[in-house]
Amino acid sequence: MKTVFAPTLLALALATTALSVRAEEPKPAAPAAPAAAAAGETKVVIGVVPAVMQYDKKAFSVKAGDKVSILFTNKGCPLQHNLVILKPGTDAKFGMAADKMIVADAAGAMTKVYLPDDAESKASIVAASTKLIGTGQNEILTFTAPAEAGAYPFLCTFPGHRFLMKGVMTVTQ
Ligand SMILES: [Cu+2]
C-alpha cells in the first residue's frame, strides 16, 4: 500500500506557492520532483482481532529500502500484544528464545516486552514494538525496509500467542 504522507502534500503546496510568488523572476529553479520524494514510503495499519488472537492483517508488501511506518493498534482485544518483524527463517528460533526468557524470569521478560535480547535474537530483529499494546493503545513502528528481497515473518511473542499471531512482510526489489 502506497500512501503520500501529509507533510509531503504540505511541501508540495509550499513549493507551488513559492513558484507562483517567484513567477516574475527570470528562471525559477527546477522543482525538486516532490512526487519522487514521496515514492519509497509505505504505510501499513495492523490491528488485532479480539478473541481469536490474530492480527487483522497477515501479509503486506514493501519495497526494499522503503521507509515503512506500521500503525499497530489494538482497538478491542483485552489481551496485550507486541509486534516484531524478523529476518527470514529466524522466527522459530526467536520464538523459542522468547519462551526461554519467560521461563527464566517472567517479570523481567514482561519489562522487555517479551523480546529476547541475546545477541542472536537481537540480530534477527528488523523492527519491534517498544511496548505491549493493550486495549485502546497503539504504536507506530518506523523503519527502513531491508535491502534484500524475501519473506520476513512477523509475530507476537506474548506467551502462547506466536503460533496464531503471525504474518509475513514480503520485501520486493
Ligand atoms: Cu499477542
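Up top is the structure these notes are about.
The notes below deal with the structure included here.

Rules behind the numbers
Residues numbered from 1 in each chain as written. Predicted model: local features only at pLDDT ≥ 70, side-chain atom pairs only at ≥ 80, totals over all residues. Heavy atoms only, no water. Pairing = 2+ DSSP bridges. Helix = DSSP H or I, 4+ residues; strand = E, 2+ residues; numbered from the N terminus. Donors = N, O, S within 2.8 Å, 3.2 Å for Na, K, Ca; no water. Tetrahedral: all angles 85-135°; square planar, octahedral: opposite > 155°, others 65-115°. Axes fitted to C-alpha atoms, helices over the stretch in contact; angles between N-to-C directions. Salt bridge = Lys/Arg side-chain N within 4 Å of Asp/Glu carboxyl O. Buried < 20%, exposed > 50% of the residue type's maximum accessible area, 1.4 Å probe, protein only. Patch = residues over 30% accessible without salt bridge, like charges linked within 9 Å, V, L, I, M, F, W, Y side chains within 5 Å. Areas by Shrake-Rupley, 256 points an atom, 1.4 Å probe, with all protein chains shown as cover.

The next subject is the pairing of strand E9 (residues 150–155). Where strand E6 (residues 84–86) lies against E9, two bridges are found, and the strand directions are antiparallel. The residue bridging Ile-85 from the neighbouring strand is Phe-154, located in E9. As paired elements, E9 and strand E10 (residues 166–172) share six bridges and run antiparallel to each other. Each residue of the ladder has a partner; that of Gly-150, found in E10, is Val-171.

In this section: the coordination of the copper ion. At 2.0 to 2.5 Å from the copper ion lie its protein donor atoms, namely His-81 (ND1), Cys-156 (SG), His-161 (ND1) and Met-165 (SD). Coordination geometry of the copper ion: the four donor atoms subtend angles of 83 to 137° at the metal centre, consistent with an arrangement described as irregular.

What the three strands build is an open sheet, ordered E1-E5-E8; its pairing is mixed. Each of the sheet's edge strands pairs with one partner strand only, and the pair in question is strand E1 (41–46) and strand E8 (137–144). Taking each pair of neighbouring strands and ignoring which way they run, the sheet shows an average axis angle of 15°. When strand E5 (residues 67–74) meets E8, the two strands line up antiparallel, connected through eight bridges. Its bridge partner lying in E8, Ile-70 is registered against Leu-141.

On to the pattern of salt bridges. All told, the structure shown has three salt bridges when counted by the stated rule. Across the pair Asp-99 and Arg-162 runs a salt bridge, and its minimum N-O distance is 2.5 Å. Placement of the pair is Asp-99 in helix H3 (residues 91–104) and Arg-162 in the loop between E9 and E10, with a sequence separation of 63 residues. Under the relative-accessibility criterion, Arg-162 is labelled buried at 13%. Note that Lys-112 and Asp-117 form a salt bridge whose closest N and O atoms lie 3.2 Å from each other. For Asp-117, a relative accessible area of 42% puts it in the partly exposed group.

Here the focus is the pairing of E5. Of all eight residues that make up E5, six are buried, and the element is covered over most of its length. Relative to E5, E1 runs parallel, the two being bridged by six bridges. Note that in E5 the partner of Val-44 across the bridge is Ile-70.

Okay, a nonpolar patch on the surface next. Taken together, Val-45, Leu-71 and Ile-140 make up a surface patch of nonpolar side chains, about 240 Å² in accessible area. Tracing the backbone through its elements, the reader meets Val-45 in strand E1. Given a relative accessible area of 42%, Val-45 falls into the partly exposed group.

Don't take any of this as a statement about function, it's just geometry.
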